[in-house]
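# Coordinates in review
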Amino acid sequence: MPKKIYVADDSVVTRMFISSIINEIPNVEIEEFANGEEVLNKIKKALPDLLILDSVMPKMDGLSVLSKLKENNIKIPIIFFTADIQATTREKAISLGIAEFVNKPLQKEVILEKIKNILFNK
Ligand SMILES: [Mg+2]
């Protein structure tokens, strides 16, 4: 069974960048989402092995997705992208069950390592 990864980011360019990184990992399936609402609806139907989540998105932002997952008692590994260095945002995200933070601008090697750790070194 391939590992399933959901990528939620409103930027097409960022999604393409992340997907190109993930494609270097064998036996992985990617599905892309443009906002929090879309990915949340999908998660409720089928859980991924990893959720890669942007912070700032239209319709529903990353923190709101995390709140909803917690509300629904859904526990999945998450990599959370944020350019927001505010301690309150970070604390909120941690309290909502974040697996890993990645700061924007995104660096390929950092992302690749975190994805591999979560998928294969649990
Ligand atoms: Mg964004």
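Keep in mind that this is a model prediction, so the values were computed, not measured.

A separate point is the layout of surface pockets. A probe as big as a water molecule, rolled over the atoms, marks out the empty space that is left. By volume, the largest pocket is sized at about 150 Å³. In this structure, the largest pocket is lined by L66, L69, K70, N73, I74, K75, I76, I78, L96 and G97. In terms of residues, the lining of the largest pocket owes the most to one element, helix α3 (residues 62-71), which gives three residues. Of the residues contributing to the lining of the largest pocket, the split by class is six nonpolar, two polar and two charged.

All right, on to the coordination of the magnesium ion then. D10 (OD), D54 (OD) and V56 (O) make up the full set of protein donors to the magnesium ion, lying at 2.0 to 2.2 Å. Donor residues for the magnesium ion, ordered by position in the chain, follow D-x43-D-x1-V. A residue pair is termed long-range when its members are at least 10 positions apart, and D10 in the loop between β1 (3-8) and α1 (12-22) and V56 in the loop between β3 (50-54) and α3 qualify at 46 residues.

In this structure the tally under the stated criterion is seven salt bridges. For E24, the salt bridge identified is with K108, shortest N-O distance 2.6 Å. Residue E24 is located in the loop between α1 and β2 (28-33), and its partner K108 is located in helix α5 (residues 108-120); the two are separated by 84 residues in the primary sequence. A relative accessible area of 32% places K108 in the partly exposed class.

Where α1 contacts α5, the two axes come as close as 10 Å, and the packing angle between them is 55°. Judged by the angle between their axes, α1 and α5 are oblique. Judged by the twist between their axes, the crossing of α1 over α5 is right-handed. Where α1 abuts α5, its residues F17, I18, I21 and I22 lie against K108, I111, L112 and I115.

Here we take up the nonpolar core. Ranked by internal contacts, the top residues of the largest apolar core, which has 21 residues, are I43, L51, L53, L66, L69, I78 and F80. Listed by contribution, the elements that provide at least two residues to this core are β1, α2 (36-45), β3, α3 and β4 (78-82). Element by element, the count of residues in this core is highest for α3, at four residues. Contacts of L51, omitting those with residues within four sequence positions, involve Y6, V39, I43, L69, I76, P77, I78 and I79. V7, I22, I79 and I115 belong to the second-largest nonpolar core, a separate cluster that totals 18 residues.

The rules behind each value
Position labels on residues start from 1 in each chain and follow its written sequence. It should be noted that, the model being predicted, local features are given only for residues of pLDDT at least 70 and side-chain atom pairs only at 80 or more, the latter also being counted only at that level, while totals for whole chains, interfaces and linings use all residues. The side-chain figures draw on all heavy atoms in the structure; neither hydrogens nor water molecules are used. Residues are called lining when one of their atoms sits within 4 Å of a cavity or pocket point, these points coming from a 1 Å grid over the protein atoms alone, where a cavity is a set in which a 1.4 Å probe fits but cannot get out and a pocket is an open set with protein on both sides within 12 Å along at least five of seven lines. Grid points are joined across faces, edges and corners, and a volume is the space filled by probe spheres set on the points. Comment: elements are numbered from the N terminus, with helices defined as DSSP H or I runs of at least four residues and strands as E runs of at least two. As a working rule, the residues Ala, Val, Leu, Ile, Met, Phe, Trp, Tyr, Cys and Pro are called nonpolar, Asp, Glu, Lys and Arg charged, and the rest polar, with Gly in that last group. In this description, a donor is an N, O or S atom within 2.8 Å of the metal centre, a cutoff extended to 3.2 Å for sodium, potassium and calcium. Water is not part of the atom list, which can make sites seem incomplete. What makes a salt bridge here is a side-chain nitrogen of Lys or Arg within 4 Å of a carboxyl oxygen of Asp or Glu, nothing more. Relative accessible area decides the class of each residue, using a 1.4 Å probe on protein chains only: under 20% of the type maximum gives buried, over 50% gives exposed, and in between gives partly exposed. All axes here are fitted lines through C-alpha atoms, helices being fitted over the stretch that makes contact, and every angle between N-to-C directions spans 0 to 180 degrees. Our angle categories are set so that under 35 degrees counts as roughly parallel, over 145 as roughly antiparallel, 65 to 115 as roughly perpendicular, and the remainder as oblique. Crossings are assigned a handedness: left-handed for a near helix turned anticlockwise from the far helix by less than a right angle, right-handed for a clockwise turn. Only heavy atoms enter the contact rule, under which two residues are in contact if any of them lie within 4.5 Å. Here the nonpolar core consists of buried residues drawn from Ala, Val, Leu, Ile, Met, Phe, Trp, Tyr and Cys, with membership extended through side-chain atoms lying within 4.5 Å.

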